[in-house]
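Here are the chains, one letter per residue:
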Amino acid sequence: MSNQSTILQVENISTRFHTQDGLVHAVNGISFELKKGELLGVVGESGSGKSVTMMSLLKLLPMPPAEIVSGTASFEGQDLIQLDLDELRKVRGGKIGFIFQDPMTSLNPVLKIGYQLAEPLREHMGMSRKKARQRSAELLDLVGIPMAENRLNDFPHQFSGGMRQRVMIAMALACDPKVLIADEPTTALDVTIQAQIIDIVKKLRKELGMAIIWITHDLGVVAGIADRVAVMYGGYIVEEGPVEELYSNPKHPYTQGLLKTLPNLEGERAARLESIEGQPPNLHKKPTSCPFAPRCTHTMDRCRRENPVLIKRKENHKVACWWNPE
Amino acid sequence: MKPCSVGESGCGKSTAGRVILQLIPDSDQDGVPDDIDSCPLERNGLRNSRLDMQMIFQDPQDSLNPRMTVGSIISEPILEHKNFQAKERRELVEQLLISVGMNPRFTNRYPHEFSGGQRQRIGIARALALSPDFIICDEPIAALDVSIQAQVINLLEDLQEKYGLTYLFISHDLSMIRHIANRVAVMYLGRIVELASSQVLYSTPLHPYTQALLSAVPMHDPKMERKRKRTILVGDVPSPADPPSGCHFSTRCPRAEDRCFKDSPEWREVSQGHQVACHLV
């Protein structure tokens, strides 16, 4: 893993929203890197800032109310944050593909699938109408949609949820992206369909070799596919490490708590679930202490005074926590 | 007792729950699950049955009236069914709030002032207001964050012990059902395909659908997750408006034979308390 080169380097991204109720500090200085061909899982609950971080990279957030306060994101020698809209359009859907959570609302209901698939091909690759159509059919075939050619003339409502998500994946892959950002791609789907989609992504990753950022709240999904995992809480990455290390040896009390709250499908049945007491943090307040301190079982004075920074505890394993029993 | 009903979206598990409470009329046609004997109560009988049977809904956002205070939401069933004085009612509401782990001073607040987990607690307090024996929990944790789910499940278990409740717990989360249920019914396209005690169902699932469903659930252990053998079903759940002939699962079943496409499998008991509807078992 060590000699893989970095394809995306994100430094200190902060994003906030100006709302009627005041400022919302959604993302607070996030840094991470993505290596070539790697699958990075980003895990967190709603409001932890995982989607906002990724959408900030491509400026997919409406601004205002959103504002990217600081940060850089270097991708192929460019800083994505500094790009103007024309330059960004070349990256979005081109070198960086995006799959959204809800395939129902992210496809245009009044345009045929074939048209929607051909759009990025003609826009980014300058293909002719005929060639784009041919490639679209290939893409649908690639994601396992039977009778691909015929289905190009169908509208999104003629596809089931799982099929629509396949179309979304085909669209994101249309221009051979270097990086694919998948924002909760299976959350809206049933388990058996989720298993199909995960299977396809695994296969495509082997064939096409792109790097993937997979955003999810489901620790199980990430366990099966990710190489590395970043856990987010209250707009921060609180822990980051290789998947096996992070699951077998979690260091942050939040990660430990999350893994303990989940009931298991095999093994001993716990008499009672462990739970993390309290509520997720209020993002209206500017964070000056550890965001997890009010719910943490190891809170010390320092946790309420200073926000911990993400530091290396072990090779590749980073934790943002003052509590260190070792 | 905690029987659970599990299945994917559109399989009829919520509909089954609602038909039991007659929140939607039983059309007595094929759309309604076959195995449920919904009590043909008349309106008055039905009204009284609400004293014993209550429901906790999936989405605490939609199931609480945004214009009513927490106090009036919880006291509505009491007002409707019992002749309580205002003071008694207020005391009961406060007690209910305490029993679901909330501050009794919250009675004059509105639902929007609370988080999802707290709103679900309000919904639970309302379901408890008439001290029912039986509560249908329709995906009570599906809309909640992972760290909050365990809180609500623990609360439901505590309340069950305290008040001796019976739950029909409807969910698509197989790991959570394993934790909470005594008995589990697996549904597919409007029919129960397998019913067994939780222990038996998870260790020896017999129906091919149950097997596929269990193998599709991601486990939060990278080592085990990568070693597991998966049965990945092809295709989608067919439309319940036009279900396949024979066994409803035949179109996706990896082991389907000729007769599966023709004859509907019989519902039979294969061992003590373990029932399944499949030709191949």
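You'll find the structure just up there.
Residues numbered from 1 in each chain as written. Chains lettered and ligands numbered in written order. Predicted model: local features only at pLDDT ≥ 70, side-chain atom pairs only at ≥ 80, totals over all residues. Heavy atoms only, no water.

Caption draft 1: Region of the structure containing the overall build of chain B. Looking only at helices and strands, one finds 11 helices and eight strands in chain B. A total of 281 residues make up chain B; the buried ones form 53% of that total. Long-range pairs, those at least 24 residues apart, make up 62% of the contacts in chain B with a sequence separation of at least 6. Accessible surface, chain B as shown: approximately 13,200 Å² in total, 47% of it carbon and sulfur. (Helix = DSSP H or I, 4+ residues; strand = E, 2+ residues; numbered from the N terminus. Buried < 20%, exposed > 50% of the residue type's maximum accessible area, 1.4 Å probe, protein only. Contact = heavy atoms within 4.5 Å. Areas by Shrake-Rupley, 256 points an atom, 1.4 Å probe, with all protein chains shown as cover.)

Caption draft 2: Representation of the overall build of chain A in the model. Scanning chain A from terminus to terminus reveals 11 helices and 12 strands. In terms of C-alpha radius of gyration, chain A reaches 21 Å, essentially the compact-globule figure of 20 Å for 326 residues. Looking at chain A as a whole, 53% of its 326 residues are labelled buried. Contacts in chain A between residues at least 24 apart in sequence constitute 63% of all its contacts with a sequence separation of at least 6. Carbon together with sulfur atoms contributes 50% to the accessible area of chain A, which is approximately 14,800 Å² in total. Charge-centre separation for chain A: the mean point of 39 positive side chains lies 2 Å from the mean point of 38 negative side chains. (Rg over C-alpha atoms; globule rule 2.2 N^0.38 Å. Lys, Arg positive; Asp, Glu negative; His and termini not counted. Charge placed at Lys NZ, Arg CZ, Asp CG, Glu CD.)

Caption draft 3: Examining the interface of chain A and chain B more closely. Opposite the 48 residues of chain A that make contact, chain B presents 43 residues. Taken together, the two surfaces of chain A and chain B that pack against each other cover about 4,000 Å², and 54% of this comes from carbon and sulfur. Taken as a group, A:Thr192, A:Leu265 and A:Arg269 account for 19% of the area that chain A buries against chain B, more than any other trio of residues on that side. Joining chain A to chain B, the criterion identifies one salt bridge. In this structure, B:Asp158 and A:Arg272 form a salt bridge, with 2.7 Å as the shortest nitrogen-oxygen distance. At the boundary of chain A with chain B, the tally comes to 14 residue pairs in polar contact (both at pLDDT 80 or more). Elements supplying a minimum of two residues to the side of chain A that touches chain B: α7 (191-208), α8 (219-225), α9 (243-248) and α10 (253-261) of chain A. Here the side of chain A that touches chain B is composed, by residue class, of 22 nonpolar, 14 polar and 12 charged. (Buried area = accessible area lost by both parts, 1.4 Å probe. Salt bridge = Lys/Arg side-chain N within 4 Å of Asp/Glu carboxyl O. Polar contact = N/O pair within 3.5 Å; in protein donor to acceptor, adjacent residues only side chain to side chain. Nonpolar A, V, L, I, M, F, W, Y, C, P; charged D, E, K, R; others polar.)

Caption draft 4: Region of interest: the environment of B:Val237. Residues and elements named next belong to chain B. Examined against the element boundaries, valine 237 turns out to sit in the loop between α10 (222-227) and α11 (258-262). In sequence terms valine 237 and aspartate 138 are 99 residues apart; their C-alpha atoms lie 21 Å from each other. Apart from residues lying up to four places away in sequence, valine 237 is in contact with Glu8, Tyr188, Leu189 and Arg252.

Caption draft 5: Spotlight on the sheet that holds strand β6 (residues 96-99) of chain A. All names here are of chain A. Within the open sheet, the eight strands sit side by side as β6-β7-β8-β3-β9-β10-β12-β11. Their pairing is mixed. Both edges of this open sheet fall to β6 and β11 (311-314), since each of them pairs with a single strand only. Averaged over all pairs of adjacent strands, the angle between strand axes in this sheet comes to 20 degrees, irrespective of strand direction. As judged from the five bridges shared by strand β3 (residues 39-43) and strand β8 (residues 211-216), these two strands associate in the parallel manner. Each residue of the ladder has a partner; that of valine 42, found in β8, is isoleucine 215. Lying on the sheet, helix α6 (residues 161-173) is in contact with β6 and β7 (179-183); it crosses β6 at an angle near 170 degrees. Running over the sheet, α10 touches β9 (228-233) and β10 (236-242) and is turned about 100 degrees from β9. (Pairing = 2+ DSSP bridges. Axes fitted to C-alpha atoms, helices over the stretch in contact; angles between N-to-C directions.)

Caption draft 6: Just unusual backbone geometry, in detail. All names here are of chain A. Across the junction of methionine 63 and proline 64, the peptide omega takes the value -15 degrees, indicating a cis bond. Here proline 64 is to be found in the loop between α1 (50-57) and β4 (66-75). For the bond running from proline 64 to proline 65, omega is 10 degrees, close enough to zero to count as cis. Following the sequence through the fold, proline 65 ends up in the loop between α1 and β4. With a phi angle near 50 degrees, lysine 59 is a residue other than glycine that sits in the positive phi range. Examined against the element boundaries, lysine 59 turns out to sit in the loop between α1 and β4.

Caption draft 7: Just the nonpolar core, in detail. Counting 66 residues, the largest nonpolar core has A:Leu140, A:Trp214, A:Val229 and A:Tyr247 as the members making the most contacts within it. Ranked by residues supplied to this core, first place goes to α6(A) with eight residues. Contacts of A:Leu140, omitting those with residues within four sequence positions, involve A:Ile113, A:Leu117, A:Ile145, A:Ala148, A:Leu152, A:Val167 and A:Ala170. Grouped together as the second largest cluster of nonpolar side chains are 64 residues, A:Leu273, B:Leu96, B:Leu156 and B:Val217 included. (Core = buried A, V, L, I, M, F, W, Y, C linked by side-chain atoms within 4.5 Å.)

Caption draft 8: The sheet that holds strand β1 (residues 6-19) of chain A, seen in detail. Overall, antiparallel pairing links the four strands, which are arranged β2-β1-β4-β5 (chain A) in an open sheet. For this open sheet the edge positions go to β2 (22-35) and β5 (78-79) of chain A, each flanked by a neighbour on one side alone.

Caption draft 9: Quick look at helix α4 (residues 86-99) of chain B. Residues and elements named next belong to chain B. The end-to-end C-alpha separation of α4 is 20 Å, in line with the 20 Å expected for 14 residues at 1.5 Å each. In this structure, the buried residues of α4 make contact with α3 (70-81), α5 (116-128) and α6 (146-163). Positive backbone phi, approximately 80 degrees, marks glycine 101, located one or two places after α4. (Expected span 1.5 Å × (residues − 1).)

Caption draft 10: Representation of the packing of aromatic side chains in the model. Summed over the entire model, instances satisfying the criterion amount to eight aromatic pairs over all chains. With centroids separated by 4.5 Å and ring planes inclined at 50 degrees, the aromatic side chains of A:Tyr233 and A:Tyr254 adopt a geometry described as tilted. Here A:Tyr233, found in strand β9, pairs with A:Tyr254, found in helix α10; they are 21 residues apart in sequence, far enough to count as distant. Residue A:Tyr233 shares its accessibility class with A:Tyr254, and that shared class is buried. Seen in terms of ring centroids, B:Tyr209 and B:Phe249 are 5.2 Å apart; in terms of plane orientation they differ by 65 degrees. Their pairing is edge-to-face. You can see B:Tyr209 sitting in helix α9 (residues 208-216) and its partner B:Phe249 sitting in the loop between α10 and α11, a full 40 residues away along the chain. Looking at B:Tyr209, the relative accessible area reads 0%, which means it is buried. Given the relative accessible area of 1%, B:Phe249 is considered buried. (Phe/Tyr/Trp six-rings, centres within 6.5 Å; stacked < 30°, edge-to-face > 60°.)

Caption draft 11: The arrangement of the packing of α3(B) against α4(B) in detail. Residue and element names in this part refer to chain B. Interhelical geometry of α3 versus α4 gives an angle of 115 degrees and a closest axis separation of 10 Å. Relative to α4, α3 is oriented so that their crossing is right-handed. Contact residues: Val70, Gly71, Ile74, Ser75, Ile78 and Leu79 in α3; Arg89, Leu92, Val93, Leu96 and Leu97 in α4. A breakdown of the residues in the contact of α3 with α4 according to their chemical character gives eight nonpolar, two polar and one charged. (Left-handed = near helix turned anticlockwise from the far one by under 90°.)

Caption draft 12: Molecular detail of the side chain of B:His179. By secondary structure assignment, the location of B:His179 is in helix α7 (residues 174-180). Side chain to side chain, B:His179 and B:Glu157 meet in a polar contact 3.3 Å long. In this structure B:His179 touches A:Pro263, A:Arg269, A:Ala270, A:Ala271, A:Arg272, A:Leu273, B:Ile153 and B:Glu157, once residues within four positions along its chain are discounted.

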